[in-house]
Amino acid sequence: MLSKIIAESLITDTRQYIENANNIIIITHISPDGDAMGSALGVYHFLSSLNKKASIVVPNKFASFFNWMPAATDIFIYEVQEEKINQLISVADLIIMTDFNTLSRIGALQEIIEKFTGDKILIDHHRNPDLNIANIIISYPHISSTSEIVFRLIYRMGFSETMNNCCATSIYTGMMTDTGAFTFNSNNPEIYFIISELLTKGIDKDQIYNNIYNTYSADRLRLMGYALTAKMEVLDEYKTAIITLTADELEHYNYQEGDTEGFVNLPLSIKGVVCSILIKENTTHVKLSFRSRGSFPVNLIASNYFHGGGHINAAGGESYESINQTFKRVKEILPLYKEQLNSID
Ligand code: 5GP
Ligand code: MN
């Protein structure tokens with residue numbers, strides 16, 4: 001059995017909104033990760049099993065290693081299908097948003113969603129959601145993935161019997177990716193109750209793991225080798241490692257969306273490293289990814305200095321300075337956290 005984490009009133013209200021809706025749009029965040037894809041597709045397959053008309057919309061292209069996910073190729077991408085998406089939203093009566101807490105996380109879709117006058121539901125696990133973001137805010141930051149919250153919602157609404165394999169597969173993918181294949185934020189026994197329920201839906205969890213983690217290109221592995229050998233700086237004094245990758249370097253290794261996924265986690269396998277930072281030069285800006293162990297709150301660095309946010313151990317942000325300038329900036333910031341970094345084993 002699952003404990004009742006989601007408030008009863010939110011369950012009843014969500015059920016009502018879904019019953020009343022005829023055209024539903026599901027939206028998730030820019031450069032969707034596994035949990036964004038899993039939660040959005042989980043909601044999509046759930047709605048489809050209720051014979052509700054639903055479409056998923058994302059701001060930009062997602063990594064090709066998500067293409068195998070059931071119905072991933074039916075997702076509408078705003079940067080390539082703007083007109084179609086505007087039309088879909090213009091006839092929508094309900095928007096369900098998953099895995100983000102502020103509209104700035106949906107890029108160019110922000111303005112359209114702000115203008116949307118219909119009902120909105122947010123399902124998320126990031127801290128401090130914008131309170132005017134939706135009519136119904138289902139936000140539980142202590143739950144390790146939004147996909148898990150989607151499961152809990154479906155279960156509590158009384159639809160777990162009708163959950164299909166596609167829905168279960170999507171939810172499992174998000175739960176797995178947001179916990180590093182159940183290696184962090186995953187000590188809650190109820191996670192394994194949920195997995196056991198998902199297995200009864202016939203999911204192949206070993207295949208899901210393979211589909212996500214064992215389908216990279218040779219170029220991506222070479223880029224990883226290059227990043228670790230030539231571009232990783234370990235700052236013992238701050239128990240921190242920083243990897244930088246310029247746009248030219250990425251291009252040299254035939255960079256595809258998603259290729260650097262997971263790089264930022266690698267330095268945490270070094271004994272004594274508590275904080276890892278990946279600084280990557282995109283075409284329009286510099287993207288930073290942060291990871292930490294223990295109580296070091298990388299989300300504070302992301303939000304205080306780099307227009308970003310996230311979770312205590314996994315966060316991200318952006319910089320509009322050059323990559324070299326950004327690298328310098330990071331090195332200026334680290335001394336402010338020296339004591340805190342060194343207090344963690
Ligand atoms: P990643 O490093 O995998 O891109 O992101 C890790 C986590 O940090 C994400 O799950 C998300 O919660 C958060 N995050 C990443 N980039 C941003 C950003 O630009 N803004 C905010 N607010 N959060 C971000
Ligand atoms: Mn998530």
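Just so you know, these numbers come straight off a predicted model, no measurement behind them. (Residues numbered from 1 in each chain as written. Chains lettered and ligands numbered in written order. Predicted model: local features only at pLDDT ≥ 70, side-chain atom pairs only at ≥ 80, totals over all residues. Heavy atoms only, no water.)

Asker: If you had to explain the overall build of the protein chain to someone new, which residues and values would you point to?
Answerer: Along the backbone of the protein chain there are 13 helices and 12 strands. Viewed in the frame of its principal axes, the protein chain has a C-alpha envelope of about 55 × 45 × 40 Å. A fraction of 65% describes how many contacts in the protein chain between residues 6 or more apart in sequence connect residues 24 or more apart. For the protein chain, the exposed surface amounts to about 15,600 Å²; the carbon and sulfur share of it is 48%. (Helix = DSSP H or I, 4+ residues; strand = E, 2+ residues; numbered from the N terminus. Contact = heavy atoms within 4.5 Å. Areas by Shrake-Rupley, 256 points an atom, 1.4 Å probe, with all protein chains shown as cover.)

Asker: So what's going on with the domain arrangement of the protein chain? Which residues, and what values?
Answerer: Domains assigned within the protein chain are domain 1 (8–213) and domain 2 (219–342). Inter-centroid distance (C-alpha atoms) of domain 1 to domain 2 is 27 Å. With both chains or domains summed, domain 1 and domain 2 bury close to 610 Å², and 52% of this area falls on carbon and sulfur atoms. If you sort the residues of domain 1 by the area they bury against domain 2, Phe 65, His 126 and Arg 127 come out on top, with a joint share of 42%. At the boundary of domain 1 and domain 2, one finds zero salt bridges. On inspection of domain 1 and its partner domain 2, the count reaches one residue pair in polar contact (both at pLDDT 80 or more). In terms of residue class, the side of domain 1 that touches domain 2 is built from three nonpolar, four polar and one charged. (Domains from an automatic or database assignment. Buried area = accessible area lost by both parts, 1.4 Å probe. Salt bridge = Lys/Arg side-chain N within 4 Å of Asp/Glu carboxyl O. Polar contact = N/O pair within 3.5 Å; in protein donor to acceptor, adjacent residues only side chain to side chain. Nonpolar A, V, L, I, M, F, W, Y, C, P; charged D, E, K, R; others polar.)

Asker: Can you lay out the packing of helix α2 (residues 34–49) against helix α6 (residues 165–177) for me, pointing to particular residues and giving the numbers?
Answerer: Closest axis-to-axis distance for the α2/α6 pair is 7 Å, and the angle between their directions is 160°. By the angle between their axes, α2 is roughly antiparallel relative to α6. Where α2 crosses over α6, the two elements pack in a sense that is left-handed. From α2, Gly 34, Asp 35, Gly 38, Leu 41, Gly 42, His 45 and Phe 46 reach across to α6, where they touch Cys 166, Cys 167, Ser 170, Ile 171, Thr 173, Gly 174 and Thr 177. (Axes fitted to C-alpha atoms, helices over the stretch in contact; angles between N-to-C directions. Parallel < 35°, antiparallel > 145°, perpendicular 65-115°, else oblique. Left-handed = near helix turned anticlockwise from the far one by under 90°.)

Asker: Before we move on, could you go through the UniProt feature "domain: DHHA1" (unreviewed entry) in the protein chain and cite the residues and values that matter?
Answerer: Listed under "domain: DHHA1" (unreviewed entry) in the UniProt record, and renumbered for this structure, are residues 252–333. Each end of residues 252–333 is marked by a C-alpha atom, and these two atoms are 30 Å apart; helix forms 24% of the span and strand 27%. (UniProt positions renumbered as here; feature names shortened; annotations may be inferred.)

Asker: Go over the pattern of salt bridges, please, and point to the residues and values.
Answerer: What the rule picks out here adds up to 10 salt bridges. The salt bridge partner of Glu 190 is Arg 152, with a shortest N-O separation of 2.9 Å. In this pair, Glu 190 sits in helix α7 (residues 189–199) while Arg 152 sits in helix α5 (residues 146–156), placing the two residues 38 residues apart along the sequence. Arg 152 matches Glu 190 in its accessibility class, with the two residues each being buried. Here Lys 338 makes a salt bridge to Glu 237, at a shortest N to O gap of 3.1 Å. One end of the pair, Lys 338, is in helix α13 (residues 338–342); the other, Glu 237, is in the loop between β7 (232–235) and β8 (240–245), with 101 residues separating them in the sequence. Lys 338 sits in the partly exposed class, given a relative accessible area of 35%. For Glu 237, a relative accessible area of 44% gives the class partly exposed. Among the charged side chains, a network of salt bridges with common partners joins Glu 148, Arg 152 and Glu 190. (Buried < 20%, exposed > 50% of the residue type's maximum accessible area, 1.4 Å probe, protein only.)

Asker: Describe in detail the nonpolar core, supporting the description with residues and values.
Answerer: Residues Leu 47, Ile 123, Ile 138, Ile 171 and Leu 198 are the most contacted members of the largest nonpolar core, which totals 57 residues. Dropping the residues within four chain positions of it, Leu 47 is found in contact with Ile 18, Ile 24, Ile 26, Lys 52, Ala 54 and Ile 96. By size, the runner-up hydrophobic cluster in this structure holds 24 residues, among which are Phe 296, Val 298, Ile 333 and Leu 341. (Core = buried A, V, L, I, M, F, W, Y, C linked by side-chain atoms within 4.5 Å.)

Asker: Please set out the site of ligand 1 residue by residue, giving values where relevant.
Answerer: Neighbouring ligand 1 are 14 residues; His 126, Lys 287, Ser 289, Arg 291 and Ala 315 lie closest to it. His 126 is positioned such that a nitrogen or oxygen atom in its side chain is 2.6 Å from an oxygen atom of ligand 1. At 2.7 Å from an oxygen atom of ligand 1 is found a side-chain nitrogen or oxygen belonging to Ser 289. Surface burial for ligand 1 is 84%, taken as the share of its 500 Å² of free accessible area covered by protein chains. Among the elements of the structure, β10 (286–292), β11 (309–310) and β12 (314–319) are those that each provide at least two residues to the shell around ligand 1. Here the shell around ligand 1 takes four residues from β12, the largest share from any one element. Residues from two domains meet in the shell around ligand 1; each of domain 1 (8–213) and domain 2 (219–342) gives at least three. (Near = heavy atom within 4 Å.)

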